[in-house]
Amino acid sequence: MNPDTIFSFIQIIFADILLSGDNALIIGMAAAGLSPEFRKKAIFLGLALAAGLRIFFAAIASSLMAVPGILFIGGLLLTWVCWRFFCELREHVPETAEHALEAPGYQGPPRRQLMSALVTITIADVSMSIDNVVAVAAIARENTALLIFGLALSIGLMAFCATMVMRMLTRYPWITYLGLAFLVYLAADMLIAGWPDMARYAGLGEWAA
């Protein structure tokens, strides 16, 4: 295995860990204001939906990557994820989300309804599932084995390890900041790589180079 492939494997593992942890973080934040009897249900449904969406988008990954400008669009989505992630870190939101996953957690009157929390979770799950699949595909490029590995790892993390990953990221902030720097790099790489296709699709051929 050549050094470039090994580096790509490391990048994919890091991206999967961060994006699955951040996805779980959003689910925890959305569930934080629910009453105890609904909190566990919202977290379970959110994680199950995120895993299911990753399976769905993984199944259509080749078609998804054929969409004109998808790398650029994925880069824009990932840029938004980076900004939101930075704001969450600055406001110490991860600690609040982690508390929502702990028992007994918040015990007061519900501050939001289950349906409202599930809408927030669903929007975040769809966005981050697409981003995770596109990010893995952007790293793997033409290497099918890398793509399959990255998508399988992403699905496994969301299905079985998402809350554990989130707790690791909140308890070791330096990993989170290192990860944020990596996501910024990955977003920039996707924007640069995807711009020529997006420019041609938008009729800006002279700006494609």
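*Asks:* Tell me what's going on with the overall build of the chain, and back it up with residues and numbers.
*Replies:* Along its length, the chain carries eight helices and zero strands. Across the chain, helices and strands are ordered from the amino to the carboxyl terminus as α-α-α-α-α-α-α-α. Put simply, the chain has 209 residues, and 48% of those count as buried. Carbon and sulfur atoms make up 72% of the accessible area of the chain, which amounts to about 10,400 Å² in all.

*Asks:* Outline helix α2 (residues 36–59), supporting the account with residue identities and numerical values.
*Replies:* Count 3.6 residues to each turn of an α-helix, and residues three or four apart come out pointing the same way. Taking 1.5 Å as the rise per residue, α2 with 24 residues should run 34 Å; its terminal C-alpha atoms sit 35 Å apart, in good agreement. Every buried residue belonging to α2 is among Arg39, Ala42, Ile43, Gly46, Leu47, Ala50, Ala51, Leu53, Arg54 and Phe57, and all of these are buried.

*Asks:* How would you explain the nonpolar core if you had to name every residue and give the values?
*Replies:* Counting 54 residues, the largest nonpolar core has Leu78, Leu183, Leu186 and Met190 as its most contacted members. The element contributing the most residues to this core is helix α6 (residues 114–140), with 13 residues. Residues in contact with Leu183, not counting those within four places in the same chain, are Leu18, Leu19, Leu78, Cys82 and Phe85.

*Asks:* I'd like a description of the packing of aromatic side chains, backed by residues and values.
*Replies:* In total, this model carries six aromatic pairs according to the counting rule given. Judged by centre distance (5.3 Å) and plane angle (35°), the rings of Phe14 and Phe182 are tilted. Linking Phe14 in helix α1 (residues 3–31) with Phe182 in helix α8 (residues 173–201), this pair joins segments that are 168 residues apart in sequence. Each residue in the set Phe14, Phe182 and Tyr185 is aromatic and connected to the rest through ring pairs, giving one cluster.

*Asks:* Account for the packing of α6 against α8, with residues named and values stated.
*Replies:* At a closest axis distance of 11 Å, the pairing of α6 and α8 adopts a crossing angle of 70°. Judged on the interaxial angle alone, α8 and α6 are roughly perpendicular. When α6 is examined against α8, the residues Val134, Ala135, Ala138 and Ile139 are found in contact with a partner set consisting of Phe182, Leu186 and Met190. When grouped by side-chain class, the residues that make up the contact of α6 with α8 number seven nonpolar, no polar and no charged.

*Asks:* Explain the confidence of the model for the chain to me, and be specific about the residues and the numbers.
*Replies:* For the chain, mean pLDDT is 78; residues scoring 70 or higher make up 83% of the total. When pLDDT is averaged over each element of the chain, α2 comes out on top at 85 and helix α5 (residues 93–101) at the bottom at 59.

*Asks:* Describe the environment of Phe38, naming the residues involved and giving the relevant values.
*Replies:* Structurally, Phe38 can be placed in helix α2. Separated by 79 residues in the primary sequence, Phe38 and Ala117 place their C-alpha atoms 9.9 Å from one another.

*Asks:* Account for the packing of α1 against α6, naming residues and giving values.
*Replies:* When two helices pack together, their arrangement is given by the angle between the helix axes and by the axis-to-axis distance. For the pair α1 and α6, the least separation of the axes is 10 Å and the interaxial angle reads 175°. Here α1 is positioned roughly antiparallel relative to α6, judged by the angle of their axes. When α1 is examined against α6, the residues Ser8, Gln11, Ile12, Ala15, Asp16, Leu19, Asp22, Asn23, Ile26, Ile27 and Ala30 are found in contact with a partner set consisting of Ala117, Thr120, Ile121, Ala124, Asp125, Met128, Asp131, Asn132, Ala135, Val136, Ile139 and Ala140. By residue class, the composition of the contact of α1 with α6 is 14 nonpolar, five polar and four charged.

*Asks:* Can you tell me about the side chain of Arg54, naming the residues and giving the values?
*Replies:* Assignment of secondary structure puts Arg54 in helix α2. In this structure, Arg54 is buried with no salt-bridge partner, the nearest side chain bearing the opposite charge being Asp125 at 5.7 Å. In this structure the side chain of Arg54 is engaged in a polar contact, spanning 3.0 Å, whose partner is the side chain of Ser129. Once residues lying within four places of it in the same chain are set aside, the contact partners of Arg54 are Leu19, Ser20, Asn23, Met128, Ser129, Asn132, Val133, Ser154, Ile155 and Met158.

*Asks:* Outline the side chain of Ser129, supporting the account with residue identities and numerical values.
*Replies:* Structurally, Ser129 can be placed in helix α6. With sequence-adjacent residues up to four places away left out, Ser129 is seen in contact with Ala50, Leu53, Arg54 and Phe57.

Quick notes on the rules
- Residues numbered from 1 in each chain as written.
- Predicted model: local features only at pLDDT ≥ 70, side-chain atom pairs only at ≥ 80, totals over all residues.
- Heavy atoms only, no water.
- Helix = DSSP H or I, 4+ residues; strand = E, 2+ residues; numbered from the N terminus.
- Buried < 20%, exposed > 50% of the residue type's maximum accessible area, 1.4 Å probe, protein only.
- Areas by Shrake-Rupley, 256 points an atom, 1.4 Å probe, with all protein chains shown as cover.
- Expected span 1.5 Å × (residues − 1).
- Core = buried A, V, L, I, M, F, W, Y, C linked by side-chain atoms within 4.5 Å.
- Contact = heavy atoms within 4.5 Å.
- Phe/Tyr/Trp six-rings, centres within 6.5 Å; stacked < 30°, edge-to-face > 60°.
- Axes fitted to C-alpha atoms, helices over the stretch in contact; angles between N-to-C directions.
- Parallel < 35°, antiparallel > 145°, perpendicular 65-115°, else oblique.
- Nonpolar A, V, L, I, M, F, W, Y, C, P; charged D, E, K, R; others polar.
- pLDDT = per-residue confidence, 0-100.
- Lys, Arg positive; Asp, Glu negative; His and termini not counted.
- Salt bridge = Lys/Arg side-chain N within 4 Å of Asp/Glu carboxyl O.
- Polar contact = N/O pair within 3.5 Å; in protein donor to acceptor, adjacent residues only side chain to side chain.

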